Each structure stands twice: as structure tokens, then as C-alpha cells.
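Results of the structural survey
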Amino acid sequence: MDIRFCVHYQGDGYPPSNRYCRTCPEAHLACDALWARVVELSQSNNGGAVPLAGTRAEMYPNPKNPENVRMKINCRWNLPKEDFLYFIATGHVGMGRKGHRDDPKASPSMTRQEPYVQAIAAALGGNECVEIRNVRRVQKGGTI
């Protein structure tokens, strides 16, 4: 994880600071709005599976924890808010290995979230999505 992915990030990339996006006091500037769009997308089939184009994955809401959405192919796993926001900043959210938490291509959760995050971003409008552009601007220290 590249701890410089966002100017507002505070931590060393190790738990619990790898989940900083969930409590970031600046998240209201742009990140919360984008994550709300991801959660809305997960709920867009009335709680049923939302297929992610170009993948075999399906996305579901996580009613117990709004900081995650659920993903499923053969088994279920969580896509946490911080992994999605890290992808927006870096374009990477790959699998991490123990002892290699400083790998800039590894996700904050150290789980592989590619190509699912790309499919979610595309479903939201990709680079044309206002919320994605706003998050990138704020992550770099700019304003909306």
C-alpha cells in the first residue's frame, strides 16, 4: 500500500490505520459521496445480486456494515470502502503478501479486488463520473 495515495491519509498502512478512510474527517469533502454511489449500486437490485460487467462477480449490499459491500463469485468476500478509494487514487488493488505491506499495488486490506473495482467504477460512469473526479481532486489536496 502506498501511504501517499491521499494527502489526508494518516497511518503507516498497517492495521488499524489501513482502514483510515472509514474515519477520515475529510471524507465528507468527496469520498463519502462516491462511496454512497457504490452502496446505492449494490442495492440497485432490491438486495439481489448486481452482476458486474466483464467479470463473473456479483455485488450485494452489506446491511450490517455500510463501510463494505459484499462480492461473490464462488464465495463471498467484502469490498471495503478504503480499497475502493485506494483504487480510485492509484489504479491498483492487488493481493498483498505478508511482510510486503509497502507494495504500492497491494490494497489496504491486502486482498485482490481487481477486476471488480474497475467494473464498479465503470458502472458508475468511469472517468466521466463527477464523484470519481471529485475524489481524485481531493485526494491530491485540491478542492471541489
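Each remark here, short or long, concerns the structure printed above.
One structure accompanies this document, and this report is about it.

**Remarks on the environment of Ile88**
Relative to the assigned elements, Ile88 resides in helix α2 (residues 81-90). Put simply, Ile88 and Ile144 are 56 residues apart on the chain and 16 Å apart in space, counted from C-alpha to C-alpha. Contacts of Ile88, omitting those with residues within four sequence positions, involve Leu34, Ile132, Val135, Arg136 and Gln139.

**Digging into helix α1 (residues 31-42)**
An α-helical turn contains 3.6 residues, so a residue and the one three or four places further along point in the same direction. Under the 1.5 Å per step criterion, the end-to-end length of α1 is 17 Å for 12 residues, consistent within 8% with the ideal 16 Å. Turning to α1, its buried residues are Cys31, Leu34, Trp35, Val38, Val39, Leu41 and Ser42. An end-on view of α1 places all buried positions within 160° of arc, on one side of the element.

**A closer look at the packing of α1 against α2**
Running from N to C, α1 and α2 cross one another at 110°; their axes reach a closest spacing of 11 Å. Taken together, α1 and α2 sit at an angle that is classed as roughly perpendicular. When the axes of α1 and α2 are compared, the crossing they make is right-handed. Counted together, Cys31, Asp32, Leu34, Trp35 and Val38 of α1 and Lys81, Phe84, Leu85 and Ile88 of α2 form the full contact between these two elements. Broken down by class, the residue content of the contact of α1 with α2 amounts to seven nonpolar, no polar and two charged.

Criteria and cut-off values
Sequence order as written defines the numbering, with residues in each chain counted from 1. Owing to the predicted nature of the model, reporting of local features is limited to residues with pLDDT of at least 70; listing and counting of side-chain atom pairs is limited to 80 or more, with chain, interface and lining totals taken over all residues. In computing side-chain values, all of the structure's heavy atoms are included and hydrogens and water are not. Strands here mean DSSP runs of E at least two residues long; helices mean DSSP runs of H or I at least four residues long; both are numbered from the N terminus. Residue contacts follow a heavy-atom distance rule, with two residues in contact if any of their heavy atoms lie within 4.5 Å. Working rule for helices: expected span equals 1.5 Å times residues minus one. Note on exposure labels: buried denotes an accessible area under 20% of the residue type's maximum, exposed denotes more than 50%, and partly exposed covers the range between, all computed with a 1.4 Å probe on protein chains only. In this description, one arc is meant: the one made by directions from the helix axis to the C-beta atoms. Axes here mean lines fitted to C-alpha atoms, for a helix over just the part in contact, with angles spanning 0 to 180 degrees between N-to-C directions. Here is the rule for angles: anything less than 35 degrees is roughly parallel, anything more than 145 is roughly antiparallel, 65 through 115 is roughly perpendicular, and the remaining ranges are oblique. Each crossing gets its hand from how the near helix is turned against the far one by less than a right angle, where anticlockwise is left-handed and clockwise is right-handed. Just so you know the grouping, Ala, Val, Leu, Ile, Met, Phe, Trp, Tyr, Cys and Pro go in nonpolar, Asp, Glu, Lys and Arg go in charged, and all remaining residues, Gly too, go in polar.

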